[in-house]
Amino acid sequence: MPSNLARINLIAVDMNSEKIKRNLLSCDDWEERYLYIIHLGNQQPTMIDEDKTSDTVIHGCQSQVWVKITINSRGEFGFTGDSDASLVKGLMAMVFMVYEGKTAEAILEFDIHGFFDDMQLHHYLTPTRSQGLVAMVEAVRAKALNTLVVEY
Amino acid sequence: MSRHGISITQVKSDFPLLKQHVNEKPLVYLDSAASAQKPLEVIERINDFYQNEYASVHRGVHHLSAEATSNMETVRQQVCQFIGASQREEIVFTSGTTEAINLVANSYGRINFKSGDEIIVSEMEHHANIVPWQMLAEAMQLNIKVWPVSDNGELSLDSLSSLLSERTVLVAVCHVSNVLGTVNPIRAIADIIDRHNTALERGASSGDSGVSNRARVRFLVDGAQAVMHQKVDVKQLGCDFYAFSGHKVYGPTGTGVLYAKHDLLQNMQPWQGGGSMIQSVDLYKGTEFNAAPWLFEAGTPNITGIMGLGAALRYLKRVGFEQISVHEDKLTQMVLEALRDIPEVRIYGHAESRVGVIAFNLGTHHAFDVGAFLDRYGIAIRTGHHCAMPLMQRYGVKAMCRVSLAMYNTSDDIAKLVHALRHIQKLLQNA
């Protein structure tokens, strides 16, 4: 754990968008902020290699991203994922934390762009697909939308 | 330096964008291999053309159109001199290197290649010099042969000789690698191809093989990464085709050049049809085409961009490659030495002949992470696969960091880069 993050509650359980935002904005500077994001990624459960398949890979020019989405009987979404870039993995962890346990409707309603805007990280969600993060968010939203279309 | 020359020490001040701050830090721009910044003269030329001279070319009898046409053709002459072509009719304006290579594939390849023919591409090519050949190979049942890159990041001339066969029709190689910075021995490659062609012709004239109707092996050079660093002379290089982009020689985006030897260009077929590439169009009798090179410039060209390219080439001439290469070589050595001093750095490519395009990774940290941290210090580098995925595979990595130098970089830029890299290494290893 980076020593300069000691003040922040780093236990990444039961995180929600407000907690993440609060933690991130209490960082002293962007350096600390990036390290916090990386830390969130490191706390994510590891994705097993067998799950890193052509079905779960999301291509980006900069880094590789894998996302596996599961939906339980109550229609709640669950996620595992990985990226070879620590920062992308951390950003991905943030997306997972805010989407985890949400239904398709709730995922589609959640303003993910606003969430990243509030944390001054909006440039990571520009539609260049350059780091696979925006493609990942789109994939989750498409899956959510698809669930609803199938239902009705 | 000539009387009207520009000293290398004042170059940076001619680039307005470089004066800005990024993330509250003075910008350190080390991504010129992706695209070079523009000197004020280029920006002013574009502005001036739109404000005072703008009109379409090759069409109107009116004053503005005639002036614009004449000015555009003057730039063609400038480009001709810039790369040492024999005449301006060998210069085709394109939107960039990519379009220039696609033009050769479609206007030369489609006419001259036959099923079973072979194209040799090197392992260090940019996707722009791979994908058009793959597409053509798919359409015409051609075979692509790969010229491997050594651990040092060089191409062995011996292995070219063994790749050339009676079915080879094209060798497509970059002048300078956009990742490794390697300067390839273009003249030596051209000599090998010449000897191969001569041997084939002798064989054909003595009637001992079925090669009598075979096309000669042609040599295409992707010059995108070379033209900003060194004086290029296509006659001396001995290539058949040479392609480059305007935006990498301090000119505007959307401009590019295909040089093709005069005889070749005369016998190529247009790929895109449209306005200004015709002599006459008759719905019943068909179309008579314009002469080369205009035949290959269908539609309204990027006139403004071409004016900007002219300004960029004038600027380059006033600085002069003599100064530029001394300055850039010095900075390249500084970067290499400083990077070698950081134990965690792995540099890719150690070619003897090279320019200031330097690829590396920092420990096991992903290039994206390194680039994202550098960005916060106001330092712009490129990270990723650099549109050269086969080369990434060659080195067994998914991504690299790439620092690329231009004439406006300074030793202060290098000091900031190295300081930041050392700091990032410390931060990330504890993260």
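In every chain, residue numbers begin from 1 and rise along the written sequence. Chains carry letters and ligands carry numbers; both start at the beginning, A for chains and 1 for ligands, and go up in the order they are written. With the structure being a predicted model, the display of local features is reserved for residues of pLDDT at least 70 and the display and counting of side-chain atom pairs for 80 or more, all residues being used for whole-chain, interface and lining totals.

Participant: Account for the overall build of chain A, with residues named and values stated.
Facilitator: Helix and strand assignments come from DSSP, with helices taken as H or I runs of at least 4 residues and strands as E runs of at least 2, each series counted from the N terminus. Helix and strand counts for chain A come out as 6 helices and 3 strands. Helices (α) and strands (β) of chain A occur, in sequence order from the N terminus, as α-α-β-β-β-α-α-α-α. Once C-beta atoms are placed from the backbone, each residue is buried if 20 or more other C-beta atoms lie within 10 Å of its own, exposed if 12 or fewer, and partly exposed for counts between those two. The buried share of chain A, reckoned over its 152 residues, is 36%. For chain A, contacts bridging at least 24 residues in sequence account for 59% of all contacts bridging at least 6. Two residues form a contact once the distance between their C-beta atoms, set from the backbone, is within 7 Å.

Participant: For the sheet that holds strand 2 (residues 65-71) of chain A, give the residues involved together with the corresponding values.
Facilitator: Where strands meet in a sheet, backbone hydrogen bonds hold them as pairs that are either parallel or antiparallel. Residue and element names in this part refer to chain A. We call two strands paired when DSSP finds no fewer than two bridges between them. The 3 strands are arranged 1-2-3 in an open sheet whose pairing can be described as antiparallel. Looking along the sheet, the strands with just one partner apiece sit at the ends: strand 1 (57-58) and strand 3 (77-83). Relative to strand 3, strand 2 is paired through 7 bridges, and the arrangement is antiparallel. If you follow valine 67 over to strand 3, its bridge partner there is glycine 81. For every element, the axis is a line fit to its C-alpha atoms; helices are fit only across the contacting stretch, and the angle between N-to-C directions ranges from 0 to 180 degrees. Across the sheet, helix 3 (residues 86-99) lies against strand 2 and strand 3, angled at about 180° from strand 3, the strand it touches most.

Participant: Tell me about the pairing of strand 11 (residues 278-282) of chain B, residues and numbers included.
Facilitator: Residues and elements named next belong to chain B. The buried count for strand 11 comes to 0 of 5 residues, which makes it a mostly uncovered element. In this structure, strand 11 lies alongside strand 12 (residues 286-289), joined through 4 bridges in antiparallel fashion. When the bridges of strand 12 are listed, isoleucine 278 appears paired with phenylalanine 289. Where strand 11 hands over to strand 12, the hairpin turn is made up of 3 residues, counted between the paired strands.

Participant: Which residues make up the packing of helix 2 (residues 40-53) of chain B against helix 10 (residues 303-319) of chain B, and what values go with them?
Facilitator: Residue and element names in this part refer to chain B. Packing of helix 2 against helix 10 leaves a shortest axis separation of 8 Å and a crossing angle of 145°. Where helix 2 crosses over helix 10, the two elements pack in a sense that is right-handed. Contact residues: Glu41, Val42, Arg45, Ile46, Phe49 and Tyr50 in helix 2; Thr304, Met307, Gly308, Ala311, Ala312 and Tyr315 in helix 10. Residue type decides the class: Asp, Glu, Lys and Arg count as charged, Ala, Val, Leu, Ile, Met, Phe, Trp, Tyr, Cys and Pro as nonpolar, and the leftover types, Gly among them, as polar. Here the residues of the contact of helix 2 with helix 10 sort into 8 nonpolar, 2 polar and 2 charged. It is the rotation of the near helix from the far one that decides the hand of a crossing: anticlockwise by less than a right angle makes it left-handed, clockwise makes it right-handed.

Participant: Would you mind going over helix 12 (residues 367-376) of chain B in detail, with residue names and values included?
Facilitator: Residue and element names in this part refer to chain B. With 8 of 10 residues buried, helix 12 lies mostly within the body of the structure. Within helix 12, the full set of buried residues consists of Ala367, Phe368, Asp369, Val370, Gly371, Ala372, Phe373 and Leu374. Immediately beyond the C-terminal end of helix 12, within one or two residues, lies glycine 378, with a positive phi of roughly 80°.

Participant: Please set out the domain arrangement of chain B residue by residue, giving values where relevant.
Facilitator: Residue and element names in this part refer to chain B. What the domain assignment lists for chain B is domain 1 (8-38 + 320-430) and domain 2 (46-317). For domain 1 and domain 2, the distance between their C-alpha centres works out to 29 Å. Taken together, the contact pairs 28 residues of domain 1 with 30 residues of domain 2. Note that the domain bounds were set by an automatic or database domain assignment.

Participant: Pulling in residues and values, what's your account of the sheet that holds strand 17 (residues 400-404) of chain B?
Facilitator: All names here are of chain B. Spatially, 4 strands are ordered 13-14-17-16 in an open sheet, and the strand pairing comes out antiparallel. Two strands close off the open sheet at either side, each with one partner strand: strand 13 (345-348) and strand 16 (382-384). Across the sheet, the axes of successive neighbouring strands diverge by a mean angle of 30°, strand direction being ignored. By the bridge criterion, 4 bridges tie strand 14 (residues 357-362) to strand 17 in an arrangement that is antiparallel. Residue phenylalanine 360 lies in a different strand from strand 17, and its bridge partner there is cysteine 401.

Participant: Go over the environment of asparagine 302 of chain B, please, and point to the residues and values.
Facilitator: Residue and element names in this part refer to chain B. The topology assignment puts asparagine 302 in the loop between strand 12 and helix 10. The sequence separation of asparagine 302 and threonine 74 amounts to 228 residues, and the corresponding C-alpha distance is 15 Å. Residues in contact with asparagine 302, not counting those within four places in the same chain, are Ser95, Gly254 and Thr255.

Participant: Summarise the interface of chain A and chain B; cite the residues concerned and give the values.
Facilitator: Often, the extent of an interface is quoted as the loss of accessible area upon association of its parts. Counting from both sides, the interface comprises 17 residues of chain A and, opposite them, 14 residues of chain B. Across the side of chain A that touches chain B, the residue classes tally to 9 nonpolar, 6 polar and 2 charged.

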